[in-house]
Amino acid sequence: MTKVGILHPGEMGSSIGACARQGGAEVFWVSAGRGPYTHRRADEAGLVALDSLGALTTSVDIIVSVCPPHAARDVAHATVAAGFDRIYVDGNAVSPDTARDVAKIVRHNGCEYVDGGIIGPPALRPGGTRMYLSGDGAGKVAELFQGSNLNVIDLGPGDAAASALKMCYASWTKGTSALLLAIRTLARSEGVDEALVQEWSGSQSGLAERSQRAARGSSRKAWRFVGEMLEIAHSFEAAGLPGGFHRGAAELYEHLSEFKDADKAPTLEEVVATLLREHE
Ligand SMILES: NC(=O)c1ccc[n+]([C@@H]2O[C@H](COP(=O)([O-])OP(=O)(O)OC[C@H]3O[C@@H](n4cnc5c(N)ncnc54)[C@H](OP(=O)(O)O)[C@@H]3O)[C@@H](O)[C@H]2O)c1
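These numbers were taken from a predicted model, which means no experiment stands behind them.

Reading guide: rules and limits
Residues numbered from 1 in each chain as written. Predicted model: local features only at pLDDT ≥ 70, side-chain atom pairs only at ≥ 80, totals over all residues. Buried ≥ 20, exposed ≤ 12 C-beta atoms within 10 Å, placed from the backbone. Helix = DSSP H or I, 4+ residues; strand = E, 2+ residues; numbered from the N terminus. Pairing = 2+ DSSP bridges. Right-handed = clockwise from strand over helix to strand, strands pointing away. Axes fitted to C-alpha atoms, helices over the stretch in contact; angles between N-to-C directions. Domains from an automatic or database assignment. Contact = placed C-beta atoms within 7 Å. Near = placed C-beta within 6 Å. Nonpolar A, V, L, I, M, F, W, Y, C, P; charged D, E, K, R; others polar. Core = buried A, V, L, I, M, F, W, Y, C linked by C-beta atoms within 7 Å.

1. Quick word on the pairing of strand β1 (residues 3–7)
- Within β1, four of the five residues are buried, leaving the element largely enclosed by the surrounding structure.
- Relative to strand β2 (residues 26–30), β1 is paired through four bridges, and the arrangement is parallel. Opposite Ile6, over in β2, you have Trp29 as the bridge partner.
- The parallel pair β1 and β2 is bridged by helix α1 (residues 11–22), and the resulting crossover is right-handed.

Below, the structure is given as structure tokens:
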């Protein structure tokens, strides 16, 4: 039975762990330093707790990093410092340059690096979530998830293809959500929100509803989107393209980080009020 470590069982990571179990693996996580929500998610997903990273690195064949993007390098450093030298998958929303850095960090200790990029909601049902992989070891990782809720797509060789695809995808989805929230706030601040919604209803159908969905869907995760937007900005800049769109999106999500532990998703009204207050 393949033994897999998940660092860490967040909303997505716990579902990836559950999918590896569906595929027949035994899945472990490290409880040290993690909060109550992570403990609960890991328990619900049937993952086995170990009390230190050192215990994990000597117990598993494959480690999958699924953490906030800004922590991807630190998690890789800590994992190799704890002695890991087998297959390391970075499944985070990071730029191609960050993916290549992580590859260097883990190879330095003898690991095989596989790049990953996850698209879709936590993989709680079949057919809704894709994990793109790239790198020579991608096939071995894909085998883990056979018959599970997760669709795995092997993009072939390359240390950063999966991350690059994730950056392109999220630059549109999360970038346009941030733009819509900024537009609704500007319209409110200038007293033309009702007129804008009326105009959209005739000429840009769906945008009013999409801005409401953006408020509900993005605000509690905004703190984590800051790092992802900066990774996207860096991806554009490294290709000689403007990064300003997503630096702006990062700033907007930073203003919404107070919603991190909100009991329920905020409404558009609440999000607009927060953004207006930030600019007073
Ligand atoms: N959720 C989605 O729908 C989705 C979709 C596509 C891709 N992803 C990708 O999946 C990754 C994780 O997302 P998620 O939704 O699982 O996030 P999440 O629910 O916020 O969970 C993040 C996990 O990482 C841990 N963590 C928090 N701060 C950390 C740090 N500084 N260093 C190491 N670990 C830390 C958290 O533990 P504690 O909170 O207990 O400290 C938690 O277990 C991201 O790279 C994201 O882009 C997520």
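Now that the structure has been shown, we can carry on.
2. As for the sheet that holds β1
- Taken together, eight strands build an open sheet; the order of strands is β3-β2-β1-β4-β5-β6-β7-β8 and the sheet is mixed. What marks the edges here is a single partner per strand, and that holds for β3 (48–50) and β8 (150–154). Here the average twist between neighbouring strands, direction ignored, is 25°.
- Pairing between strand β7 (residues 129–134) and β8: five bridges, direction parallel. Directly across from Leu133, in β8, lies its bridge partner Asp154.

3. Let's talk about the domain arrangement of the protein chain
- According to the domain assignment, the protein chain consists of domain 1 (3–158) and domain 2 (164–278).
- Measuring from the centre of the C-alpha atoms in domain 1 to the corresponding centre in domain 2 gives 28 Å.
- At the junction of the two partners, domain 1 supplies 13 residues and domain 2 supplies 13 residues.
- Mapped by element, the contributors of at least two residues to the side of domain 1 that touches domain 2 are α5 (96–107) and β6 (112–119).
- Counting residues per element, the side of domain 1 that touches domain 2 draws most heavily on α5, which supplies three residues.

4. Considering the site of the ligand
- Looking at the ligand, there are 23 residues lining it, with Gly10, Met12, Thr38, Ala71 and Ala93 nearest.
- Contributing elements (two or more residues each) for the shell around the ligand: α1, α2 (36–44) and α10 (222–238).
- The greatest single-element share of the shell around the ligand, amounting to three residues, is contributed by α1.
- Its residues assigned to classes, the shell around the ligand shows 13 nonpolar, six polar and four charged.

5. What to know about the environment of Trp200
- Within the secondary structure, Trp200 sits in helix α8 (residues 193–203).
- Since 17 C-beta atoms lie within 10 Å of it, Trp200 is described here as partly exposed.
- Discounting residues that sit within four places of it in the chain, Trp200 has contacts with Leu207 and Ala208.

6. Quick word on the nonpolar core
- Val4, Ile6, Ile16, Ile62, Tyr88, Met229 and Tyr253 are the most contacted members of the largest nonpolar core, which totals 78 residues.
- Top element by residues in this core is helix α7 (residues 161–189). It accounts for eight residues.
- For this core, the two domains that each supply at least three residues are domain 1 (3–158) and domain 2 (164–278).
- Aside from chain neighbours lying at most four places away, what touches Tyr88 is Ile63, Ala76, Thr79, Val106, Cys111 and Tyr113.

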